[in-house]
Amino acid sequence: MRLLTLFATFTSLFSSLVGLTQEQYERYQRDGYLVIENFVSEENCDQLKQRALEIVSEQGPNAALEMFSTTKQGRPSDKFFLDSAVGTVLFFEPKAFDQTGRLQVDLLRAINKIGHGMHDTDPVFNEFSRLPQIKQLVTDLGIHNPLLMQAMYIFKQPRIGGEVTCHQDGTFLYAEPDTMIGLWFAIEDATLENGCLWVIPGGHVAPLKSRFKKSLEGGTYFEVYDTTPWDLSKRIPLEVKKGGLVILHSRVPHMSECNLSDKSRHAYTIHLIDATSDYPADNWLQRPENMPARGF
Ligand code: FE2
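About the criteria used
- Residues numbered from 1 in each chain as written.
- Predicted model: local features only at pLDDT ≥ 70, side-chain atom pairs only at ≥ 80, totals over all residues.
- Heavy atoms only, no water.
- Helix = DSSP H or I, 4+ residues; strand = E, 2+ residues; numbered from the N terminus.
- Rg over C-alpha atoms; globule rule 2.2 N^0.38 Å.
- Buried < 20%, exposed > 50% of the residue type's maximum accessible area, 1.4 Å probe, protein only.
- Areas by Shrake-Rupley, 256 points an atom, 1.4 Å probe, with all protein chains shown as cover.
- Lys, Arg positive; Asp, Glu negative; His and termini not counted.
- Charge placed at Lys NZ, Arg CZ, Asp CG, Glu CD.
- Arc of directions from axis to C-beta.
- Donors = N, O, S within 2.8 Å, 3.2 Å for Na, K, Ca; no water.
- Phe/Tyr/Trp six-rings, centres within 6.5 Å; stacked < 30°, edge-to-face > 60°.
- Lys NZ or Arg CZ within 6 Å of the ring centre and 35° of its normal.
- Core = buried A, V, L, I, M, F, W, Y, C linked by side-chain atoms within 4.5 Å.
- Contact = heavy atoms within 4.5 Å.
- Pairing = 2+ DSSP bridges.
- Axes fitted to C-alpha atoms, helices over the stretch in contact; angles between N-to-C directions.

(A) Spotlight on the overall build of the protein chain. Across its full length, the protein chain holds seven helices and 13 strands. Relative to a compact globule of 296 residues, whose C-alpha radius of gyration would be 19 Å, the protein chain shows 19 Å and is just as compact. Once the C-alpha set of the protein chain is aligned to its principal axes, its extents read approximately 65 × 45 × 40 Å. Looking at the protein chain residue by residue over its 296 residues, the buried ones come to 50%. For the protein chain, the exposed surface amounts to about 14,400 Å²; the carbon and sulfur share of it is 55%. Here the protein chain carries 29 positive and 37 negative side-chain charges, and the mean point of each set is 2 Å from the other.

Next up, the structure:
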């Protein structure tokens with residue numbers, strides 16, 4: 001019995017450390033994204049979800065009512081957004097408020113996302129973000145000096161979870177050369193009904209259309225290089241089960257629709273770069289000297 005248990009432990013450890021196959025790596029290079037089912041355990045997902053909900057319960061009653069939306073009206077103030085780089089900060093869902101600005105849903109249903117530094121400041125998020133299979137994957141993707149720059153826990157709330165318009169993540173985290181990758185973990189099943197990701201396969205071969213920059217005055221702005229609309233006829237949905245991972249190239253266009261269903265669609269994202277890349281000082285996300293970004 002003991003031998004059997006040992007064998008099971010060994011095989012589960014081994015399977016969790018098996019990295020990308022050559023075929024997967026080539027598919028990622030070709031398409032700009034890759035889906036890997038069952039990448040993290042259901043237990044890992046449940047622990048992260050539990051911690052996210054605890055953070056909302058703990059901080060929510062005293063949180064600033066700053067909203068997050070990719071449409072102009074729901075955008076948070078510059079200072080609030082910039083300060084969230086190293087924080088565990090709550091962003092509210094714009095549709096959680098009524099016309100007079102009062103919350104019209106329960107607090108746990110009112111948050112759009114938590115960001116952007118809890119992978120370094122919160123023990124549960126730190127542990128999830130640095131799981132051994134993630135480290136192995138990042139190495140297999142050719143990132144040998146990884147820096148975990150940003151984390152987001154996204155709730156995509158039932159009925160009110162807003163649309164995220166089509167974008168490239170490199171717009172928000174630019175590195176030169178372009179080593180940035182996004183890791184998107186399905187903490188709950190992501191379906192067409194509850195607002196799964198959509199991507200434009202192969203769209204990463206085109207350059208960045210814009211960059212979101214920090215201004216010298218301490219504000220933020222978009223520097224736009226290409227105003228051509230995305231060809232959304234080429235997009236495909238990525239329905240991913242709980243525990244699945246989507247790897248996103250920094251320039252692959254992706255988006256998600258509103259969640260009009262009764263089910264939330266929790267997801268967790270990490271964005272990494274290779275430390276050998278230049279990380280410009282005009283990226284919106286800047287770490288203070290006493291809290292530099294770190295790897296695994
Ligand atoms: Fe994104």
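(B) Representation of helix α7 (residues 132-140). When we look at burial in α7, the residues that qualify are Gln133, Ile134, Leu137 and Val138. Buried residues along α7 cover an arc of 135° about the axis, so they all sit on one side.

(C) Region of the structure containing the coordination of the iron ion. Only His167 (NE2), Asp169 (OD) and His254 (NE2) from the protein reach the iron ion as donors, at distances of 2.1 to 2.2 Å. Mapped onto the polypeptide sequence, the residues donating to the iron ion form the spacing pattern H-x1-D-x84-H. Summarising the burial analysis for this pair, His167 and Asp169 share the class buried.

(D) Local environment of the packing of aromatic side chains. Evaluated as defined, the whole model comprises 15 aromatic pairs. When the centroid spacing of 6.3 Å and the interplanar angle of 25° are considered together, the rings of Phe185 and Tyr268 count as stacked. A residue pair is termed long-range when its members are at least 10 positions apart, and Phe185 in strand β6 (residues 181-186) and Tyr268 in strand β13 (residues 267-274) qualify at 83 residues. By relative accessible area, which is 0% here, Tyr268 ends up buried. Of the aromatic side chains, those joined through ring pairs into one cluster are Phe39, Phe125, Phe128, Tyr153, Phe155, Phe185 and Tyr268. If you follow Arg235 out to its NZ or CZ, it ends over the ring of Trp198, 3.8 Å from the centre.

(E) Looking closely at unusual backbone geometry. The residue after Gly115, namely His116, is reached through a cis peptide bond having omega -10°. Mapping His116 onto the fold places it in strand β3 (residues 111-116). A cis geometry characterises the amide bond from Glu176 onward to Pro177, with omega recorded as -5°. Tracing the backbone shows Pro177 in the loop between β5 (164-167) and β6. Backbone geometry at Arg159 places phi at a positive 70°, although glycine is not the residue there.

(F) Spotlight on the nonpolar core. Formed by 41 residues in total, the largest nonpolar core has its most connected members in Ile114, Leu137, Tyr153, Leu183, Phe185, Ile247 and Tyr268. Looking at which element gives the most residues to this core, the answer is helix α3 (residues 42-59), with five residues. Ignoring sequence-local partners within four residues, the contact set of Ile247 consists of Tyr28, Gly32, Tyr33, Leu34, Ile36, Leu137, Leu141, Gly182 and Leu183. Counting residues in hydrophobic clusters, the runner-up holds 17 residues, among them Ala190, Leu238, Val246 and Met255.

(G) Region of the structure containing the side chain of Thr88. Inspection of the secondary structure assignment puts Thr88 in strand β2 (residues 88-92). On the accessibility criterion, Thr88 (16% relative accessible area) is buried.

(H) Layout of the sheet that holds β3. If you trace the seven strands from one edge of the open sheet to the other, you get β1-β11-β6-β13-β4-β3-β2, paired in antiparallel fashion. The sheet is open, and its two edges are formed by β1 (33-36) and β2, each paired on a single side. Within this sheet the neighbouring strands show an average axis-to-axis angle of 20°, counted without direction. Bridge count for β2 against β3 is five bridges, and the pairing is antiparallel. When the sheet's bridge partners are listed, Thr88 is paired in β3 with His116. Together, β2, β3, β4 (146-154), β6 and β13 form the strand contacts of α3, whose direction differs from that of β2 by roughly 80°.

(I) Broad picture of the pairing of β13. The element β13 is extensively covered by neighbouring structure, given that eight of its eight residues are classed as buried. Residues Ala267, Thr269, His271 and Ile273 of β13 are buried on one face, and the alternating residues Tyr268, Ile270, Leu272 and Asp274, pointing to the opposite face, are buried as well. Both β6 and β13 contribute to a ladder of six bridges, which runs antiparallel. Bridged to Leu183 within β13 is Ile270.

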